[in-house]
Amino acid sequence: MPEGDALYRFAEKVRRPLLGKVILAARSHGPGPVPAVEKIVGQAVTEVRSTGKNLLISFDNGLALRGHLRMYGTWHVYRPGDPWTKPEREARLVLEVDDAVVVNFSAPVIELIEQRSLGYHVPISNLGPDLLDDAFDLDEAVRRMRHPSRELLTIGDAVMDQRAVAGIGNIWKHECLFHARINPWRRVSELTDDELRLIFGKAQALLRASVGKENALGLTRRPTMYAYMRGGQPCRRCRTRLRAVPQGVDIRHTAWCPKCQPVVEGQLEPPRSRISRPLSVEQQETTQRRSGPH
Ligand SMILES: [Zn+2]
């Protein structure tokens, strides 16, 4: 599933050909509700940005397109007349300007909204602080994570709740908890504010590194994976074999190092793992998909 850093890169890619340009033609196809894209033909693009896992394209008549990719959606940019690398039937949105064609494939959510309503539009307005925002509000993220509805969730599940903090999916869940040395099965109520700050701080640094921004880990390239998809393999730091068991709403495998991310006294014990050898990519990535906008 594309996470905050992937959306940030998509925004850069789509901004380049579209910003300041007039939309000459626009088409949208199902499945799912089709936005009235004829309303943006003849309009100039005033802004392209990502927020959490959403991409927003704004136009000078006050409208904005919101795209959410969930598992399989993607954005491509072509020159007019060039062949596409994905089938046309998978195109959900096509925007044409004088020298480029921007195509969204397979996004479950493409909608046209008024910019002035963004502050009330629930998929956007209820997002927690965005980790890739230069003005990321760490205290607000901690405050939101402390909401009573999250108290009994394991941190491995809660850290992906976009209403608490925006931008973390399954990849960065694994990595921020590894770098913070926090066991993914600890409940939110068992963590101190300092531990939550540490987790979000690592997540912010990893996401920023992933898009080439200056970061607290001092990384100058895309971070190496220490836990994601590494169940059953030796820890890159201590050589202990990583454990992995299904966790949370998505029931995807969560991997962690039992030595670097130890169970602490009083913690709920992680479920017993039956893993004695590395898991396949399919086993680790997904067994069930989450649905509904978030
Ligand atoms: Zn380790």
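Residues numbered from 1 in each chain as written. Predicted model: local features only at pLDDT ≥ 70, side-chain atom pairs only at ≥ 80, totals over all residues.

Right, let's get into the environment of Arg150. As for its position among the elements, Arg150 is in the loop between helix H3 (138–145) and helix H4 (155–158). Spatially, the C-alpha atoms of Arg150 and Asp161 are 9.2 Å apart, while their sequence positions differ by 11 residues. With residues up to four places along the chain from it excluded, the contact list for Arg150 reads Met145, Ala158, Asp161, Ala164 and Val188. (Helix = DSSP H or I, 4+ residues; strand = E, 2+ residues; numbered from the N terminus. Contact = placed C-beta atoms within 7 Å.)

Moving on to the environment of Ile199. Within the element layout of this structure, Ile199 appears in helix H6 (residues 193–210). Separated by 22 residues in the primary sequence, Ile199 and Leu177 place their C-alpha atoms 6.2 Å from one another. Excluding its chain neighbours within four sequence positions, the residues that come into contact with Ile199 are Ile155, Val159, Cys176, Leu177, Ala180 and Ile182.

The element helix H5 (residues 170–180) is largely enclosed, with a buried count of 11 among its 11 residues. Of the residues making up H5, those classed as buried are Asn170, Ile171, Trp172, Lys173, His174, Glu175, Cys176, Leu177, Phe178, His179 and Ala180. Looking at the buried residues of H5, the elements they touch are H4, H6 and strand S10 (252–256). The first or second residue beyond H5 is Arg181, which carries a positive phi of 60 degrees. (Buried ≥ 20, exposed ≤ 12 C-beta atoms within 10 Å, placed from the backbone.)

With that settled, the discussion passes to the packing of H5 against H6. Two elements in contact, H5 and H6, have axes whose closest approach is 8 Å; the angle formed by their N-to-C orientations is 120 degrees. Classed by the angle they form, the pair H5 and H6 counts as oblique. Considering how the two elements wind past one another, H5 and H6 form a crossing that is right-handed. Where H5 abuts H6, its residues Trp172, Glu175, Cys176, Leu177, His179 and Ala180 lie against Leu198, Ile199, Lys202, Ala203, Leu206 and Leu207. (Axes fitted to C-alpha atoms, helices over the stretch in contact; angles between N-to-C directions. Parallel < 35°, antiparallel > 145°, perpendicular 65-115°, else oblique. Left-handed = near helix turned anticlockwise from the far one by under 90°.)

It is common to give the size of an interface as the accessible area lost on bringing the parts into contact. Domain boundaries in the protein define domain 1 (4–125) and domain 2 (138–285). Here the C-alpha centre of domain 2 lies 31 Å away from the C-alpha centre of domain 1. Per element, the largest residue contribution to the side of domain 1 that touches domain 2 is four residues, and it comes from helix H1 (residues 4–18). Taken together, the residues of the side of domain 1 that touches domain 2 break down into one nonpolar, three polar and three charged. (Domains from an automatic or database assignment. Nonpolar A, V, L, I, M, F, W, Y, C, P; charged D, E, K, R; others polar.)

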